[in-house]
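Here's the letter readout for the chains.
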Amino acid sequence: MAIRLGDVAPDFTAETTEGPIHFHEWLGDGWGVLFSHPKDYTPVCTTELGRVAALKGEFEKRGCKVAGLSVDPLEDHRGWAGDIEETQGTALNFPLIADPDRKVSDLYDMIHPNANDTLTVRSVFVIGPDKKVKLTITYPASTGRNFDEILRVIDSLQLTAKHQVATPVDWRSGDDVIIVPALSNEEARQKFPGGWNELKPYLRVVKQPG
Ligand code: BEZ
């Protein structure tokens, strides 16, 4: 069944390039990103894994762990890891889940049979400290993802969780944000004593808190 926002991310155990993981235990109290790859030894996936390895520090700054998944077995992942380091200049530095029996892919609905009945699509799940799914994105196999965008969404999700603000179109960290409609003006005055710019009663713009 498809996983929807607000669902608890399904727990699982799996073999990875960094040893076996129990997913919920591995996530701990922090944020997590789980993303799938159609297949080992494929070009777009190779570039994506190198990019995520290069961005690991950015994920860590946000208290966020990352795990990739591909339906191929661990021996293939290990061989492919050498190619990733050689061609992308960064070694794999996060767990890549081996899922040859498609246990995790099925659990997360990562195989879309009308696109391809054996390979996973490029799924992304961002999971919050409460283990609930905060973001899902699905890309086709032929399009490499933009992991700067994933980081941008994590920044937005973390701001919302902490400060009851939402982020407008094309927002980047540091830009002004929007006070969530659920907050009355009275409540907003407590949270934002410096005030805000009220373009409409439902559109209240404020400096990014924190
Ligand atoms: C790739 O990673 O390059 C790829 C994988 C499956 C289908 C198409 C492209």
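Residues numbered from 1 in each chain as written. Predicted model: local features only at pLDDT ≥ 70, side-chain atom pairs only at ≥ 80, totals over all residues. Heavy atoms only, no water.

**Section: the site of the ligand**
Pro-38, Thr-42, Pro-43, Val-44, Cys-45, Arg-122 and Ala-141 make up every residue found near the ligand. Within the side chain of Thr-42, one N or O atom sits 3.0 Å away from an oxygen atom of the ligand. Between the ligand and Val-44, the relevant distance is 2.6 Å, taken from an oxygen atom to a main-chain nitrogen or oxygen of the residue. When residues of the shell around the ligand are assigned to their parent elements, the largest contribution, three residues, is made by helix H2 (residues 43-54). Grouping the amino acids of the shell around the ligand by side-chain chemistry returns five nonpolar, one polar and one charged. (Near = heavy atom within 4 Å. Polar contact = N/O pair within 3.5 Å; in protein donor to acceptor, adjacent residues only side chain to side chain. Helix = DSSP H or I, 4+ residues; strand = E, 2+ residues; numbered from the N terminus. Nonpolar A, V, L, I, M, F, W, Y, C, P; charged D, E, K, R; others polar.)

**Quick notes on the layout of surface pockets**
When its volume is computed, the largest pocket comes out at roughly 190 Å³. Forming the walls of the largest pocket are Asp-155, Gln-158, Leu-159, Lys-162, His-163, Trp-171, Ser-173, Gln-208, Pro-209 and Gly-210. Residues belonging to the lining of the largest pocket are distributed by class as follows: three nonpolar, five polar and two charged. (1 Å grid on protein atoms, 1.4 Å probe; cavity = no way out; pocket = protein on both sides within 12 Å on 5 of 7 lines; lining within 4 Å. Points joined across faces, edges and corners; volume = space filled by probe spheres on them.)

**Brief notes about the domain arrangement of the protein**
When cut into domains, the protein gives domain 1 (13-144) and domain 2 (164-206). The distance between the C-alpha centroids of domain 1 and domain 2 comes to 35 Å. (Domains from an automatic or database assignment.)

**Description of the pairing of strand E1 (residues 13-16)**
Every regular strand shows the same layout, with side chains that alternate between the two sheet faces. Side chains Ala-14 and Thr-16 of E1 all project onto a buried face; the interleaved residues Thr-13 and Glu-15 project onto a face where none is buried. Where E1 meets strand E2 (residues 21-22), two bridges bridge the pair, whose relative direction is antiparallel. Residue pairing in the sheet places Thr-13 in a bridge with His-22 of E2. Taken together, E1 and the strand that follows it, E2, pair antiparallel across an intervening segment of four residues, in which Gly-19 is found at a positive phi of about 95 degrees. (Buried < 20%, exposed > 50% of the residue type's maximum accessible area, 1.4 Å probe, protein only. Pairing = 2+ DSSP bridges.)

**Let's talk about the sheet that holds strand E9 (residues 177-179)**
Consider a sheet: its strands pair through backbone hydrogen bonds, and that pairing is either parallel or antiparallel. One open sheet holds the four strands; their spatial order is E8-E9-E11-E10, and the pairing between them is antiparallel. Strands with a single pairing partner mark the edges of an open sheet, and in this sheet they are strand E8 (165-166) and strand E10 (197-200).

**Some points on the sheet that holds strand E3 (residues 31-37)**
Spatially, E2-E1-E5-E4-E3-E6-E7 is the arrangement adopted by the seven strands of the open sheet, whose pairing is mixed. The sheet is open, and its two edges are formed by E2 and strand E7 (133-139), each paired on a single side. For E3 and strand E6 (residues 122-127), the ladder comprises four bridges, and the chain directions are antiparallel. Across the sheet, Leu-34 pairs through a bridge with Phe-125, a residue of E6. On top of the sheet, helix H4 (residues 74-88) reaches E1, strand E4 (64-70) and strand E5 (96-98); it is set at about 150 degrees to E5, its chief contact. Relative to the sheet, helix H6 (residues 147-163) contacts E3, E4, E6 and E7, its axis offset from that of E3 by approximately 150 degrees. (Contact = heavy atoms within 4.5 Å. Axes fitted to C-alpha atoms, helices over the stretch in contact; angles between N-to-C directions.)

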